[in-house]
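Each chain is listed here by its residues.
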Amino acid sequence: MTQPRHLTYSDELLADGTAHRRYEDGRSEWRRRGADGLVHWHDTLGDAGTDERLGSDLIKRVHADGRVGYGRDIGYGRTVWGDGTTVLVNRTSFGGRLGVVLTALGLAGAVAVSQYPPLTLSPEEEEELRAQARAQAADSSAADGGSAGSGDSGGGDYSGGWDDGDDGGWDGDDFG
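So, how was this worked out
- Residues numbered from 1 in each chain as written.
- Predicted model: local features only at pLDDT ≥ 70, side-chain atom pairs only at ≥ 80, totals over all residues.
- Heavy atoms only, no water.
- Helix = DSSP H or I, 4+ residues; strand = E, 2+ residues; numbered from the N terminus.
- Buried < 20%, exposed > 50% of the residue type's maximum accessible area, 1.4 Å probe, protein only.
- Contact = heavy atoms within 4.5 Å.
- Areas by Shrake-Rupley, 256 points an atom, 1.4 Å probe, with all protein chains shown as cover.
- Pairing = 2+ DSSP bridges.
- pLDDT = per-residue confidence, 0-100.
- Salt bridge = Lys/Arg side-chain N within 4 Å of Asp/Glu carboxyl O.

Visitor: Please clarify how the overall build of the protein should be interpreted in this entry.
Guide: Along the backbone of the protein there are 3 helices and 9 strands. Scanning the protein from its N terminus toward the C terminus, one meets helices and strands in the order β-β-β-β-β-β-β-β-β-α-α-α. Split into buried and exposed, the 176 residues of the protein put 46% on the buried side. Across the protein, contacts joining residues at least 24 apart in sequence account for 43% of those joining residues at least 6 apart. Total accessible area on the protein is roughly 8,800 Å²; 54% of this is exposed by carbon and sulfur atoms.

Visitor: Quick question: what am I supposed to make of the pairing of strand β8 (residues 78-81) here?
Guide: Side-chain positions along a regular strand alternate between the two faces of the sheet. Alternating positions in β8 separate into two faces, R78 and V80 on one and T79 and W81 on the other, with burial throughout. Two elements, strand β7 (residues 68-75) and β8, share 4 bridges in a ladder whose sense is antiparallel. Bridging from a neighbouring strand, D73 pairs with T79 of β8. Hairpin connection from β7 to β8: 2 residues lie between these consecutive antiparallel strands, with Y76 at a positive phi of about 55°. Strand direction decides the pairing type here: β8 and strand β9 (residues 86-90), joined by 4 bridges, are antiparallel. Bridged to T79 within β9 is L88.

Visitor: Any chance you could explain the confidence of the model for the protein here in plain terms?
Guide: Close inspection of predicted coordinates is inappropriate in any region flagged by low pLDDT. Overall, the predicted model of the protein reaches an average pLDDT of 78, with 70% of residues at or above 70. Across the protein, the secondary-structure element scoring lowest on mean pLDDT is helix α2 (residues 96-104), at 55, and the one scoring highest is strand β4 (residues 39-43), at 98. Low pLDDT, under 50, characterises residues 147-172; the stretch is placed with 71 contacts to residues that sit more than four places away or in other chains.

Visitor: In this structure, what is going on with the pattern of salt bridges? I would like to understand it.
Guide: Between side chains of opposite charge, a pair can form as their charged atoms come close. Tallying each qualifying case throughout the model produces 17 salt bridges. Between R27 and D25 there is a salt bridge, and its shortest N-O distance comes to 3.9 Å. You can call D25 partly exposed: its relative accessible area is 43%. Put simply, E52, K60, E126, E127, R130 and R134 are held in one network by salt bridges that share partners.

In structure tokens, the structure reads:
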């Protein structure tokens, strides 16, 4: 089994509350959270679409042309896309001492087949995952004394969302 291609990126919060994501391959993406809770994006290749949090670790990406793909947040700033051919790695989440330890243990590049996202989901499966995400966000809000933002889709490395704190709510890891 071949290991997936790892593609690092970094995010920069812009003055207007949007984010500029720069990938190591030279591509850029501009991202903003809409009132609908989705992350709307467009990139330098002329592509655009939305990212939606499903459940605790899945991301649904819908392209403007109707193509749909899924990613799975596998922790430490890593998101596996599609059939496991690409892993996006957030440089700021994966750096530092933790990155050195994971690399030494051989965990930085390893991705198990069980971590791959589904290739397709039925509308019913997606709705069930949305309900789980809403429940997790409600639990998080209650645990925080109601301080979690209502636009935050919750879960994993995404806690905090884009709508809390003085950073415009951007945590640099919203929707892999």
